[in-house]
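Working through the structure, step by step
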Amino acid sequence: MIDIRDLREHPETVRASQRARGEDDSLVDVVLEADAAHRSQLAKFESLRGQQKSFGKQVAAAQGEEKQALLAQTKEMAAKVKELDRSAAQAASDRDVALRKIGNVILDGVPVGGEDDYVVLEEHGTPRDFTAEGFEAQDHLELSDRLGLLDMKRGAKVSGSRFYFLKGAGARLESGLMRFAMDAAFKHGFEQLNVPNLVSESTMVGAGFLDAHADEVYHLAADDLYLTGTSEVALAGFHSDEILDLSDGPKRYTALSTCYRREAGSHGKDTRGIIRVHQFQKVEMFAYTRVEDAVAEHDRMLSIEREMLDAMEMPYRVIDTAAGDLGGPAARKFDCEAWVPTQGRHRELTSTSNCTTYQARRLNTRERNTEGSGTRMVATLNGTLATTRWMVAILENHQQADGTINVPDALRPYVGVDKLS
RNA sequence: GGAGGUGUCGCAUAGUGGCCUAGUGCGCCCGCCUGCUAAGCGGGUUUGGGGUGAUACCCCAUCGAGAGUUCGAAUCUCUCCACCUCCGCCA
């Protein structure tokens, strides 16, 4: 959630951010009203509570009849204190409910608008001209079928639609890609964490995945645990309720995890192959930084993602996501999208978000103030290094006329072969 | 799944209804003393919120979390969570 003090001091900034996202800017006034109500309730409670405490001391010191008289008075006061406490707590919760509905304040430069209003920042490489090469490009599923890399039928038999088996070289390609990504993260100073894939409700809420993404999340009712759709959840929860020491620079973590997503809202969309599935592998970067270092860290993550995509030797572009397409916690988001020949368009392979202090505030992750006393919120950032979906782009972009696949140089040591055939 | 135990400031510990405004030791910070270091001496040291724009000052909350009993709860009751010990189960 955003900082109530920022909202009090700069309500117009928050309103403008809400409008850029295409969301309700009147929420700001709802919060301001609820905040004023809470503060006045709190003041009433605190002053009466103060009186009650000093009365309590007199009661303790008094004897006999005097004590009985005081007791009669304080009894009434106790009921009133309890009532004021309750209404102050209610006012605080009303305020927080409204406050949580407001998305992070977008950063300067974020394009205004919705899903299609992104700005293309860079384009790399040129799509192959398969007609000129003398053959028609096959899609990743056809290629996989021919080479025995993927088994959708048996996936459906065992688990249902959008589940699959990767087989042989296909399985090796996936795990090789993941190990390549883990090594890249390690080289860039990210500490590897092997994380829980099941988390408690409080962690899921804290990471911000039970608001907008609630329908996407698998819930295990018998144990009241949630399957994570990304290791970001566990990585964000890792330092919850902690005061970090960032004097030596950002804390950087990476994790490989299996990701589980219900894909509830996407029936009929991307049903072919492994573009959109219920379960996949992902290597994620996550960083905790000082607020003033967040933009630089975001650029750093993006550059690591570009290095990864460059190593895959495929055409891709980088986009600056428009405000309306940002998740609630993100203040800015860059996606790298690879060219998918048979679809004639770019598909998202990585996504990196700067959440500034929004996620940290929910998770209560702070640092000591660099000057003076007290604490302040840290910034959190996340970014993708590789996912199973990358295989779609790798297979299609590196296919040969004979139906074989050239493995990108960088992956060869990890996959163990130069060519899938 | 069953039985028992534990949870107090960064760490260790004291605290069984009002003298707790949570004490003490260690650590840490500031200062004094000292030719240097160590030792010694004095002071400070949870976090969040409100008054309030303010380092100062005042107030409220905070003893794993929540609810309750009471005029009054670290202390009593209930629920939950985490950890420890033992038993059972474990594709």
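Right above here is the structure, for reference.
In this report, the structure presented in the accompanying data block is examined. (Residues numbered from 1 in each chain as written. Chains lettered and ligands numbered in written order. Predicted model: local features only at pLDDT ≥ 70, side-chain atom pairs only at ≥ 80, totals over all residues. Heavy atoms only, no water.)

Across the eight residues of helix H13 (residues 390-397), eight count as buried, placing the element largely inside the fold. Residues of H13 that are buried: Trp390, Met391, Val392, Ala393, Ile394, Leu395, Glu396 and Asn397. (Buried < 20%, exposed > 50% of the residue type's maximum accessible area, 1.4 Å probe, protein only. Helix = DSSP H or I, 4+ residues; strand = E, 2+ residues; numbered from the N terminus.)

To continue, consider the nonpolar core. Counting 57 residues, the largest nonpolar core has Met312, Trp390, Leu411 and Leu420 as the members making the most contacts within it. Per element, the largest residue contribution to this core is eight residues, and it comes from helix H8 (residues 168-187). Residues Leu193, Val195, Ala255 and Phe286 belong to the second largest nonpolar core, which totals 21 residues. (Core = buried A, V, L, I, M, F, W, Y, C linked by side-chain atoms within 4.5 Å.)

According to the stated counting rule, one finds five aromatic pairs in the structure shown. Ring geometry for Phe130 against Phe135: centres 5.3 Å apart, planes inclined by 80°, an arrangement best described as edge-to-face. Each member of the pair, Phe130 as well as Phe135, is classed as buried. Put simply, the rings of Phe238, Tyr253, Phe286 and Tyr288 touch in pairs and so form one group of aromatic residues. (Phe/Tyr/Trp six-rings, centres within 6.5 Å; stacked < 30°, edge-to-face > 60°.)

Attention now goes to the pairing of strand E9 (residues 251-260). Among the 10 residues in E9, eight count as buried, and that is most of the element. The pairing of strand E4 (residues 191-192) with E9 spans two bridges and is parallel. If you follow Glu191 over to E9, its bridge partner there is Tyr253. With 10 bridges connecting them, E9 and strand E10 (residues 279-289) associate as antiparallel partners. Following the sheet pairing, Thr254 is matched in E10 by Met285. (Pairing = 2+ DSSP bridges.)

Attention now goes to the protein's contact with RNA strand B. Near RNA strand B you find 22 residues, and of these Arg49, Lys53, Arg366, Arg368 and Thr375 are the closest. Near-protein atoms of RNA strand B (within 4 Å) split between backbone and bases, with sugar and phosphate holding 73%. One of the backbone nitrogen or oxygen atoms of Gly56 is found 3.1 Å away from a base nitrogen of RNA strand B. Between RNA strand B and the protein, one listed contact pairs a phosphate oxygen with a side-chain N or O atom of Lys82 at 3.1 Å. Sorting the residues of the surface near RNA strand B by element identifies helix H1 (4-9), helix H3 (27-61), helix H4 (64-100) and strand E14 (365-368) as the ones contributing at least two each. It is H3 that contributes the most residues to the surface near RNA strand B, 11 residues altogether. Here the surface near RNA strand B is built from residues that sort into six nonpolar, five polar and 11 charged. (Near = heavy atom within 4 Å. Polar contact = N/O pair within 3.5 Å; in protein donor to acceptor, adjacent residues only side chain to side chain. Nonpolar A, V, L, I, M, F, W, Y, C, P; charged D, E, K, R; others polar.)

For the rest of this paragraph, the subject is the environment of Phe209. Along the chain, Phe209 turns up in the loop between helix H9 (201-207) and strand E6 (218-220). It is 32 Å that separates the C-alpha atoms of Phe209 and Gly344, two residues lying 135 residues apart in sequence. If near-sequence neighbours (up to four positions away) are discounted, Phe209 is found in contact with Met204, Ala214, Val217, Thr230, Glu232 and Val233. (Contact = heavy atoms within 4.5 Å.)

Let's shift gears to helix H7 (residues 152-159). At the N-terminal boundary of H7, the capping side chain belongs to Asp151, with an oxygen 3.2 Å from the backbone nitrogen of Lys153. At the C-terminal side of H7, Gly160 shows a positive phi close to 115°.

Pairing is antiparallel in the open sheet, where three strands are placed in the order E5-E7-E6. The strands lining the two open edges of the sheet, one partner per strand, are strand E5 (198-200) and E6. Within the sheet, the average angular offset between the axes of one strand and its neighbour, ignoring direction, is 35°. One ladder, built from three bridges, connects E6 with strand E7 (residues 225-227); its direction is antiparallel. Pairing of Tyr218 across the sheet is with Leu227, part of E7. (Axes fitted to C-alpha atoms, helices over the stretch in contact; angles between N-to-C directions.)

Under the criterion given, the structure shown has 25 salt bridges. Residues Arg15 and Asp29 are paired through a salt bridge, measuring 2.9 Å at the closest nitrogen-oxygen approach. One end of the pair, Arg15, is in helix H2 (residues 11-20); the other, Asp29, is in helix H3, with 14 residues separating them in the sequence. A relative accessible area of 16% means that Arg15 is categorised as buried. A salt bridge links Glu337 to Arg317; the shortest N-O distance between them is 2.7 Å. Here Glu337, found in strand E12 (residues 332-340), pairs with Arg317, found in strand E11 (residues 316-320); they are 20 residues apart in sequence, far enough to count as distant. Accessibility expressed as a relative area gives 13% for Arg317, which makes it buried. One salt-bridge network, held together by shared partners, links Arg8, Asp35, Arg39, Arg95 and Asp96. (Salt bridge = Lys/Arg side-chain N within 4 Å of Asp/Glu carboxyl O.)

For the rest of this paragraph, the subject is unusual backbone geometry. Backbone geometry at Asp241 places phi at a positive 60°, although glycine is not the residue there. With respect to the helices, strands and loops of the structure, Asp241 is situated in the loop between helix H10 (232-237) and strand E8 (242-244). We note that Asn364 has phi near 60°; this positive angle belongs to a residue other than glycine. Positionally, Asn364 belongs in the loop between helix H12 (358-363) and E14.

Moving on, we get to the packing of H3 against H4. H4 packs onto H3 with a crossing angle of 160° between their chain directions and a minimal axis gap of 8 Å. With respect to H4, the axis of H3 lies roughly antiparallel. Crossing angle aside, the handedness with which H3 passes H4 is left-handed. (Parallel < 35°, antiparallel > 145°, perpendicular 65-115°, else oblique. Left-handed = near helix turned anticlockwise from the far one by under 90°.)

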